[in-house]
Amino acid sequence: MATQPLAERLRPTNLDDYIGQNHLVGPEAVLRRMLESGKLSSFILWGPPGVGKTTLARIIAQKQDRPFYTLSAVNSGVKEVREVIERAKKSQFFNSPSPVLFIDEIHRFNKSQQDSLLGAVEEGIFTLIGATTENPSFEVISPLLSRCQVYVLKTLDTSDLRKLMARALTLDQHLKSLKVEIAEDEAILKFSGGDARKLLNIIDLITQSIQEENFKITNEYVTRYLQQNIALYDKNGEQHYDIISAFIKSIRGSHPDAAVYWMARMIEGGEDAKFIARRLIILAAEDIGLANPNALLIANAAFEAIDKIGWPEGRIILSEAAIYLACSPKSNSAYLAINDAQLAVKETGALPVPLHLRNAPTKLMKDLDYGKNYKYSHSFEGNFIEQQYMPDGFARKFYNPGNNPQENAISERQNKLWQEKKTD
């Protein structure tokens, strides 16, 4: 029995054996021309899981005889980036091509981690190849993105997947020794979802239990053996993020049925109930916000109830919370307000606090007019008095109420208080 996973045993080492992405690696295609030219510039491979991003990066580095370093954004930080930069510097020789640094799931690097790459890319210490399942326009910082070409990889179609199955049966020594035949492939194709790695993992899994030779794999056998949990959800893999993304976007889009469906996918895949509950709390503040402040209370109560009730009854609590949030009016005004305020702080720096707003716990501070002329709101009619609250010479509107009943009332009150003027 083979110990190495089938996907690794079959990983191609040249473009001729690489399946799919003809628009990038076919005759006269851009990456094939780059490979054949001997020149290499930094680029990012954007595509769904299991379409050959890592394999393509390895082939390019190998065929150009370049040192190949790899980092996973899941478990690497700035420290690991700096270490690999130092190794890349030490591997450079006169007229030798720069090493390749491959970063898997580069979209999970935060800004500081991505910033740490910039200098090395600019100086040519290494050529960066990033892989991402998310739109790099949103997930990769602009300075880094401007130094990289983005290539889009497509989901493998049925023809590609069938070529991959044929290659596995004809080239893999373990499968050849079993004389396995795929008599029906519809179930394998359905469960793989266009993911080559998943398809090979399924074949690997179902053939591990085969003892006799000349075994025929049928749709019924595949479905029964997988027991409807393989490929539905992988809480430790890339699809984990696709499912939670679909779940969040369904609630944001006010579609309770889709929200419950994606939640069921997570539950059936063995996801931690608290992980789901935490996402609901974040979503309640970010996407519902002031349109329905009770949403945050409901989400937080669901998290606490999970602790008390446990599983499997906790799924009912999660369902109720998810449906409530999906059916709630939506507003991201609080989310946008803090984003804009943080951006303003970065742009303007630490502007001084006006004297009348400063704390004055000591006599010296009072002598310096700290807190002088501050007007205590509760001492005035309606618990409100107009005065300056922003730094001197600075005026910016951050909170723009959403168009919903709750925030329409907020907007009306604010306009009445401030007489529709911009706040100081």
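Residues numbered from 1 in each chain as written. Predicted model: local features only at pLDDT ≥ 70, side-chain atom pairs only at ≥ 80, totals over all residues. Heavy atoms only, no water.

(A) Fine view of unusual backbone geometry. Although it is not a glycine, Ser-254 sits at a positive phi angle of roughly 60°. For Ser-254, the location among the structural elements is in the loop between α14 (239–252) and α15 (256–268). When its relative accessible area of 39% is taken as the criterion, Ser-254 is described as partly exposed. With phi around 55°, Asn-383 is a residue other than glycine that occupies positive phi space. Structurally, Asn-383 can be placed in the loop between α20 (363–367) and α21 (405–418). (Helix = DSSP H or I, 4+ residues; strand = E, 2+ residues; numbered from the N terminus. Buried < 20%, exposed > 50% of the residue type's maximum accessible area, 1.4 Å probe, protein only.)

(B) The pattern of salt bridges, seen in detail. Here the structure, examined in full by the defined rule, presents 12 salt bridges. The partner of Arg-9 in a salt bridge is Asp-172, and the shortest N-O contact between them spans 2.7 Å. Of this pair, Arg-9 sits in helix α1 (residues 6–9) while Asp-172 is found in the loop between α9 (158–171) and α10 (173–178), placing the two residues 163 residues apart along the sequence. By relative accessible area, Arg-9 is classed as partly exposed at 23%. With a relative accessible area of 5%, Asp-172 lands in the buried category. (Salt bridge = Lys/Arg side-chain N within 4 Å of Asp/Glu carboxyl O.)

(C) Region of the structure containing the packing of aromatic side chains. By the definition in use, this model includes five aromatic pairs. Note on Phe-68 and Phe-102: the rings are 6.2 Å apart at their centroids and 20° apart in plane angle, and the pair reads as stacked. Of this pair, Phe-68 sits in strand β2 (residues 68–72) while Phe-102 sits in strand β3 (residues 100–104); the two residues are 34 residues apart in sequence, bridging distant segments of the chain. What makes Phe-68 partly exposed here is its relative accessible area of 24%. On the basis of relative accessible area, Phe-102 is assigned to the buried category, the value being 1%. An angle of 80° between the planes, with centres 6.4 Å apart, marks the rings of Tyr-389 and Trp-418 as edge-to-face. Of the two residues, Tyr-389 is situated in the loop between α20 and α21 and Trp-418 in helix α21; the sequence distance between them amounts to 29 residues. Classification of Tyr-389 as partly exposed rests on a relative accessible area of 34%. Within the aromatic cluster, the residues linked to one another by ring pairs are Phe-384, Tyr-389 and Trp-418. (Phe/Tyr/Trp six-rings, centres within 6.5 Å; stacked < 30°, edge-to-face > 60°.)

(D) Just helix α19 (residues 333–348), in detail. Taking 1.5 Å as the rise per residue, α19 with 16 residues should run 22 Å; its terminal C-alpha atoms sit 22 Å apart, in good agreement. Those residues of α19 lying buried are Ser-333, Ala-337, Ala-341 and Ala-344. Across the axial projection of α19, the buried residues extend over an arc of 65°, all falling on one side. Buried residues along α19 sit in contact with α21. (Expected span 1.5 Å × (residues − 1). Arc of directions from axis to C-beta. Contact = heavy atoms within 4.5 Å.)

(E) Quick look at the pairing of strand β1 (residues 43–46). Pairing between β1 and strand β4 (residues 127–132): four bridges, direction parallel. Considered in β4, the bridge of Leu-45 is made with Ala-131. Sheet topology note: the β1/strand β5 (residues 149–152) ladder contains four bridges and is parallel. Bridging from a neighbouring strand, Leu-45 pairs with Tyr-151 of β5. (Pairing = 2+ DSSP bridges.)

(F) Region of the structure containing the confidence of the model for the protein. Looking at the protein as a whole, the pLDDT averages 84, with 93% of positions reaching at least 70. The low-confidence segment residues 228–233, where pLDDT is below 50, has 19 contacts with residues more than four positions distant or belonging to other chains. The low-confidence segment residues 420–424, where pLDDT is below 50, has eight contacts with residues more than four positions distant or belonging to other chains. (pLDDT = per-residue confidence, 0-100.)

(G) Seen up close, the pairing of β2. Burial of β2 is one-sided: the residues Tyr-69 and Leu-71 facing one way are buried, the residues Phe-68, Thr-70 and Ser-72 facing the other way are not. As paired elements, β2 and β3 share five bridges and run parallel to each other. Following the sheet pairing, Ser-72 is matched in β3 by Asp-104.

(H) Broad picture of the sheet that holds β1. Taking strand neighbours across the sheet as the criterion, the five strands line up as β2-β3-β4-β1-β5 in an open arrangement whose pairing is parallel. Pairing within the sheet leaves two strands with one partner each, and these edge strands are β2 and β5. Neighbour-to-neighbour, the strand axes of the sheet open up by a mean angle of 20°, direction not taken into account. Across the face of the sheet, helix α4 (residues 53–63) comes into contact with β1, β2, β3 and β4 while running at roughly 175° to β3. (Axes fitted to C-alpha atoms, helices over the stretch in contact; angles between N-to-C directions.)

(I) Region of the structure containing the environment of Ile-44. Within the secondary structure, Ile-44 is located in strand β1. Since its relative accessible area comes to 0%, Ile-44 is described here as buried. In contact with Ile-44, not counting residues within four places along its chain, are Gly-130, Thr-132, Pro-136, Val-140, Leu-145, Cys-148, Gln-149, Val-150 and Tyr-151.

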